[in-house]
Amino acid sequence: MSFQALSRALLVPSFILIMTAIYWASIQDAPRGAQRVPNVVMLFILTTASVVVVRDVALLFSTGGRQRSESFREQLSSWFSDNRQRCLFVVICLAYFPIFVSLGFNIANLIFLCLALPLAGLGRGRPLVARIGLIVSVAALCSMIFHLLASIMDFNVPAPLGI
């Protein structure tokens, strides 16, 4: 199994694991009642990430992990071209945190979804204007739902712009 194949299988799940651990550590001072929902969500995230890792590694072992005889630079370039979408998603996730702190929960969710939904393939095959309209409307609807859920659960989320 090559480094490229293994890193492709573990890139996003390892990022999810690290960010979940950081979030878990950050809420340890919160009251027990405020930890209930995040703990269940984190458990779900870790379970689904583990299933993805096991599935991807099993798939790698079944295919033999195709070895190539290329230089390191060619392998790195090939890895980035093969994983461009995953790398962009990691960059979007990393950018979410400063946006969340500076612009607030609602705007950060809207921006994140507007960037992540096209990566997930929403609206693929539609004309550009229809695709943009679909992505923005789905992102706005999801952001409103997240805002409503945060309000119902009385989460204290940052809203520097009052939105």
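This report concerns the structure included in the present document. (Residues numbered from 1 in each chain as written. Predicted model: local features only at pLDDT ≥ 70, side-chain atom pairs only at ≥ 80, totals over all residues. Heavy atoms only, no water.)

## Here's the deal with the packing of helix H1 (residues 3-26) against helix H3 (residues 72-82)
Point 1. In the contact formed by H1 and H3, the axes pass within 11 Å of each other and the chain directions differ by 30°. One finds that H1 runs roughly parallel with respect to H3. Here H1 runs over H3; the crossing is right-handed. Along its contact with H1, which presents Gln4, Ser7, Arg8 and Leu11, the element H3 presents Gln75, Ser78, Trp79 and Asp82.
Point 2. In terms of residue class, the contact of H1 with H3 is made up of two nonpolar, four polar and two charged. (Axes fitted to C-alpha atoms, helices over the stretch in contact; angles between N-to-C directions. Helix = DSSP H or I, 4+ residues; strand = E, 2+ residues; numbered from the N terminus. Parallel < 35°, antiparallel > 145°, perpendicular 65-115°, else oblique. Left-handed = near helix turned anticlockwise from the far one by under 90°. Contact = heavy atoms within 4.5 Å. Nonpolar A, V, L, I, M, F, W, Y, C, P; charged D, E, K, R; others polar.)

## Concerning the nonpolar core
Point 1. In terms of nonpolar packing, the biggest core is built from five residues, these being Tyr96, Phe100, Phe105, Ala108 and Ala150.
Point 2. Of all the secondary-structure elements, those providing two or more residues to this core are helix H4 (84-103) and helix H5 (105-120). (Core = buried A, V, L, I, M, F, W, Y, C linked by side-chain atoms within 4.5 Å. Buried < 20%, exposed > 50% of the residue type's maximum accessible area, 1.4 Å probe, protein only.)

## Concerning H1
Point 1. Here H1 spans 32 Å end to end across 24 residues, near enough to the 34 Å set by a 1.5 Å rise per residue.
Point 2. A bend of about 40° at Leu10 is the largest found in H1, and the proline Pro13 appears one to four places after it.
Point 3. Every buried residue belonging to H1 is among Gln4, Ala5, Ser7, Ala9, Val12, Pro13, Phe15 and Thr20, and all of these are buried. (Expected span 1.5 Å × (residues − 1). Bend = angle between axes of the 7 residues up to and from the residue.)

## Details of the layout of surface pockets
Point 1. There is about 1900 Å³ of room inside the largest pocket.
Point 2. Looking at the largest pocket, it is lined by 42 residues, and the ones nearest its centre are Tyr23, Val41, Ile45, Tyr96 and Phe105.
Point 3. With nine residues, helix H2 (residues 32-63) is the largest single contributor of residues to the lining of the largest pocket.
Point 4. Here the residues of the lining of the largest pocket are counted per class, giving 34 nonpolar, six polar and two charged. (1 Å grid on protein atoms, 1.4 Å probe; cavity = no way out; pocket = protein on both sides within 12 Å on 5 of 7 lines; lining within 4 Å. Points joined across faces, edges and corners; volume = space filled by probe spheres on them.)

## Let's talk about the packing of aromatic side chains
Point 1. In the structure shown here, the tally under the stated rule is five aromatic pairs.
Point 2. Geometrically, the ring pair formed by Tyr96 and Phe97 is edge-to-face, given 6.0 Å between the ring centres and 80° between the ring planes.
Point 3. Look at Tyr96 and you get buried, because its relative accessible area is 18%.
Point 4. Since its relative accessible area comes to 42%, Phe97 is described here as partly exposed.
Point 5. Grouped by ring-pair contacts, the aromatic residues Phe89, Tyr96, Phe97, Phe100, Phe105 and Phe112 constitute a single cluster. (Phe/Tyr/Trp six-rings, centres within 6.5 Å; stacked < 30°, edge-to-face > 60°.)

## Examining helix H6 (residues 128-152)
Point 1. Compared with an ideal rise of 1.5 Å per residue, which puts 25 residues at 36 Å, H6 spans 36 Å between its outermost C-alpha atoms and is within 8% of the ideal.
Point 2. Along H6, the positions that sit buried rather than exposed are Ile135, Ala139, Ser143 and Ala150.
Point 3. Contact partners of the buried residues in H6: H5.
Point 4. Phi for Asp154, located one or two positions after H6, is positive at around 55°.

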